[in-house]
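Coordinates in review
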Amino acid sequence: MASIPLLRFTLPKTLKPKTPLTPHHLLLPHPLKPTIPKLLQAQKAQTQTKPNSISATYNPIPATDRLISAVAYFLPFFNGLQYGRFLFSQYPSLTLPFQPILPLLSLYRSIPYASFVTFFALYLGIVRNESLNRYARFNALQAVVLDVLLVVPMLIQRIFSPGQSGIGLKLTMMMHNGLFVFVVGCFVYGLVSCILGKTPYLPFVTEAANRQM
């Protein structure tokens, strides 16, 4: 009986795996998988750091401190209006911008020893009150120093008594007019700066206030 040759089936070369698959190949993650979470984490960290850096540098002055600082400059302003009597007599139209504050000024002058009470209230209640913000304390101190400096010309005038005529009167008028312009300029500048939350720089006053803080 003739023998029947056995048929052998072989896989094509293209279907044979080049390297055998092991269980380790099945456990290894995809090479792209670890990089994607790292990129997402880096982008998230960048988005989180940007707003933090902006908020750390922005530190506005509270409205209460700005209000206290602005009100403090009324003390030297009210006490310095006396230096404008020569200008008001020569130019009556200059009194028009001060008409809105005349009721407040009359109330201030109607209170006995209002200047001394306000002075010590600012110095003891605000300047020496460490629970308040330094911004309010510094502006109150500037107002107190400016008020003290305005007393010096009056003392000099009383000591030397330049007289009511001649060159002495002219020197007195020039001194009063200059002081009045200086006081009004400091008041407007300090008031606007405090409303905007900025620290006003007053000549000779800021240096003296810095030494006292």
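What counts, and at which threshold
Residues numbered from 1 in each chain as written. Predicted model: local features only at pLDDT ≥ 70, side-chain atom pairs only at ≥ 80, totals over all residues. Heavy atoms only, no water. Helix = DSSP H or I, 4+ residues; strand = E, 2+ residues; numbered from the N terminus. Buried < 20%, exposed > 50% of the residue type's maximum accessible area, 1.4 Å probe, protein only. Contact = heavy atoms within 4.5 Å. Areas by Shrake-Rupley, 256 points an atom, 1.4 Å probe, with all protein chains shown as cover. UniProt positions renumbered as here; feature names shortened; annotations may be inferred. Core = buried A, V, L, I, M, F, W, Y, C linked by side-chain atoms within 4.5 Å. Axes fitted to C-alpha atoms, helices over the stretch in contact; angles between N-to-C directions. Parallel < 35°, antiparallel > 145°, perpendicular 65-115°, else oblique. Polar contact = N/O pair within 3.5 Å; in protein donor to acceptor, adjacent residues only side chain to side chain. 1 Å grid on protein atoms, 1.4 Å probe; cavity = no way out; pocket = protein on both sides within 12 Å on 5 of 7 lines; lining within 4 Å. Points joined across faces, edges and corners; volume = space filled by probe spheres on them. Nonpolar A, V, L, I, M, F, W, Y, C, P; charged D, E, K, R; others polar. Phe/Tyr/Trp six-rings, centres within 6.5 Å; stacked < 30°, edge-to-face > 60°.

Re the overall build of the chain
Of regular secondary structure, the chain possesses 10 helices and 0 strands. Ordered by position from N to C terminus, the α and β elements of the chain give α-α-α-α-α-α-α-α-α-α. Counting the 213 residues in the chain, one finds 29% classified as buried. Counting contacts in the chain only where the partners sit at least 6 residues apart, residues at least 24 apart contribute 75% of the total. Total accessible area computed for the chain in this model is approximately 15800 Å², and 69% of it derives from carbon and sulfur atoms.

Looking at the UniProt feature "transmembrane region" (unreviewed entry) in the chain
In the numbering used here, UniProt assigns the feature "transmembrane region" (unreviewed entry) to residues 67–87, 107–126, 138–156 and 176–196. Annotation note: span residues 67–87, helix share 76%, strand share 0%, distance between end C-alpha atoms 30 Å. Helix makes up 100% of residues 138–156 and strand 0%, and the two end C-alpha atoms of the span are 28 Å apart.

Quick look at the environment of Cys186
By secondary structure assignment, the location of Cys186 is in helix α9 (residues 166–196). What makes Cys186 buried here is its relative accessible area of 5%. It is 8.8 Å that separates the C-alpha atoms of Cys186 and Pro200, two residues lying 14 residues apart in sequence. Excluding residues within four positions of it along the chain, Cys186 makes contact with Leu146 and Leu202.

Here's the deal with the side chain of Asn177
Among the secondary structure elements, Asn177 is positioned in helix α9. When residues no more than four places from it in sequence are discounted, the contact partners of Asn177 are Tyr83, Phe86 and Leu87.

Some words on the nonpolar core
In this structure, Phe77, Leu81 and Phe180 are the most contacted members of the largest nonpolar core, which totals 38 residues. With sequence-adjacent residues up to four places away left out, Phe180 is seen in contact with Gly80, Leu81, Tyr83, Gly84, Leu87, Phe88 and Phe98.

Some thoughts on the packing of helix α3 (residues 63–72) against α9
Between α3 and α9, the least distance of the axes is 8 Å, while the angle of their chain directions is 175°. By the angle class used here, α3 and α9 are roughly antiparallel. For the pair formed by α3 and α9, the contact residues are Arg66, Ser69 and Ala70 on the first element and Leu191, Cys194, Ile195 and Leu196 on the second.

Description of the environment of Tyr73
Tracing the backbone through its elements, the reader meets Tyr73 in the loop between α3 and α4 (74–80). Distance from Tyr73 to Ala143, taken between C-alpha atoms, is 5.2 Å for residues 70 residues apart in sequence. Leave out the neighbours within four places in its chain, and Tyr73 touches Asn139, Gln142, Ala143, Phe187, Gly190, Cys194, Pro200 and Leu202. Polar side-chain contacts of Tyr73 include one of 2.9 Å to the side chain of Gln142.

Quick look at the layout of surface pockets
When its volume is computed, the largest pocket comes out at roughly 490 Å³. Forming the boundary of the largest pocket are 18 residues, of which Asn79, Gln82, Ser115, Asp147 and Val151 lie nearest the centre. Elements with a minimum of two residues in the lining of the largest pocket: α4, α6 (102–110), α7 (114–127) and α8 (134–160). If you tally residues by element for the lining of the largest pocket, the top one is α8, at 7 residues. When grouped by side-chain class, the residues that make up the lining of the largest pocket number 12 nonpolar, 3 polar and 3 charged. In this structure, the second largest pocket occupies an estimated 230 Å³ of space.

Remarks on the packing of aromatic side chains
All chains considered together, the criterion is met by 10 aromatic pairs. Considering the side-chain rings of Phe88 and Phe98, the 5.7 Å spacing of their centres and the 70° angle between planes classify their relative orientation as edge-to-face. Note that Phe88 is positioned in helix α5 (residues 85–90) and Phe98 in the loop between α5 and α6, a separation of 10 residues in sequence. A relative accessible area of 22% means that Phe88 is categorised as partly exposed.

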